[in-house]
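Structural overview
Chain residues, written in single-letter form:
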Amino acid sequence: MHKTINPKVTLVGAGPGDPDLLTIKGAKALAEANVVLYDALANEEILTYAPKKSIKIFVGKRKGCHEYTQDQINQLIVDNALTYGNVIRLKGGDSFIFGRGSEEIEYIESFGIPTFVVPGISSSIAVPANQGISLTKRGVSESFWVITGTTSDRKLSKDVALAAQSSATVVILMGMSKLAQIVSLFQNESKGETAVAIIQNGTMPNEKIGIGTINTISKVVKDNQLSSPAIIVIGEVVRESNTLKGFYEEFVSNKICARE
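Residues numbered from 1 in each chain as written. Predicted model: local features only at pLDDT ≥ 70, side-chain atom pairs only at ≥ 80, totals over all residues. Heavy atoms only, no water.

Attention now goes to the packing of aromatic side chains. Taken as a whole, this structure holds two aromatic pairs when the rule is applied. Here the aromatic rings of tyrosine 38 and phenylalanine 58 are separated by 5.6 Å at their centres, their planes lie at 55°, and the arrangement is tilted. Of this pair, tyrosine 38 sits in strand S2 (residues 35-38) while phenylalanine 58 sits in strand S3 (residues 55-58), placing them 20 residues apart in sequence. Of the two residues, tyrosine 38 and phenylalanine 58, both sit in the buried class. Between tyrosine 107 and phenylalanine 111, the aromatic rings sit 5.2 Å apart at their centres with planes inclined by 55°, giving tilted as the arrangement. Residue tyrosine 107 is classed as partly exposed on the basis of its relative accessible area of 26%. Accessibility expressed as a relative area gives 40% for phenylalanine 111, which makes it partly exposed. (Phe/Tyr/Trp six-rings, centres within 6.5 Å; stacked < 30°, edge-to-face > 60°. Helix = DSSP H or I, 4+ residues; strand = E, 2+ residues; numbered from the N terminus. Buried < 20%, exposed > 50% of the residue type's maximum accessible area, 1.4 Å probe, protein only.)

Phi is mostly negative for residues that are not glycine, and the peptide bonds are mostly trans. A cis geometry characterises the amide bond from serine 228 onward to proline 229, with omega recorded as -5°. Checked against the element boundaries, proline 229 lands in the loop between helix H7 (217-224) and strand S12 (230-234). The phi dihedral of phenylalanine 98 falls on the positive side, at around 55°, and the residue is not glycine. Mapped onto the secondary structure, phenylalanine 98 falls in the loop between strand S6 (86-91) and helix H3 (101-109). Under the relative-accessibility criterion, phenylalanine 98 is labelled partly exposed at 41%. Positive phi outside glycine occurs at glutamine 225, with the angle close to 50°. Looking at where glutamine 225 falls in the secondary structure, it is placed in the loop between H7 and S12.

The subject of this paragraph is the side chain of serine 241. Relative to the helices and strands, serine 241 is located in the loop between S12 and helix H8 (245-259). A polar atom in the side chain of serine 241 sits 2.6 Å from the backbone oxygen of glutamine 131. Among the polar contacts made by the side chain of serine 241, one reaches the main-chain amide nitrogen of leucine 244 at a distance of 3.1 Å. Non-local contacts of serine 241, meaning those with residues more than four positions away in its chain, are made with Gln131, Gly132 and Ile133. (Polar contact = N/O pair within 3.5 Å; in protein donor to acceptor, adjacent residues only side chain to side chain. Contact = heavy atoms within 4.5 Å.)

In structure tokens, the structure reads:
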């Protein structure tokens, strides 16, 4: 007798990198997986939550290394669900924040396959928080923007120019290759002294951080050899972080010495 296949797909957000920041619901979903299709996760330890006998397929995109197109990923999800049943689509951060989660769900559901979503902790909030940066703070910032640095046509999002005009905290993901443009947009708004933090490999043991201002951050990046994957946080809340106070005192004293 053939076993009945009941296809279903669950999108699970893997969180920002630290495997302990996977949600309990995400871990429970992985434990029941027949197949896991996973992106270029910051930490592959998360895959240990899936059964050893489950099929694990890497479908991620690393810079300069595109394993599959989005259309191929969509088709793989559907094929595996129809063949093996319970598929977990594991994506870094949260599936619905620059993760194409909604596109995948639309495609899967067009085949009548039920879908479920387990939200993930977004790196846009968790990585700054891990450094004591509160994206909102009374009297300092009433709101925040989360913007992709690189749109689907490889350009800088037009929203960065709008964000530079606001008093909000600005968090830019995938923006390191566009840093010079970002700096220029903020300088055009006379924001040269606005605080900036760049956090590479956030929440991971190999995390690196550089802090400065709009006017100095390009040199900080060069001096500290910061590169992708990194998050750019722009706003006075960066100065308010207890974790970074020592960095800023050192930064300010160096600046005074340099002027003397």
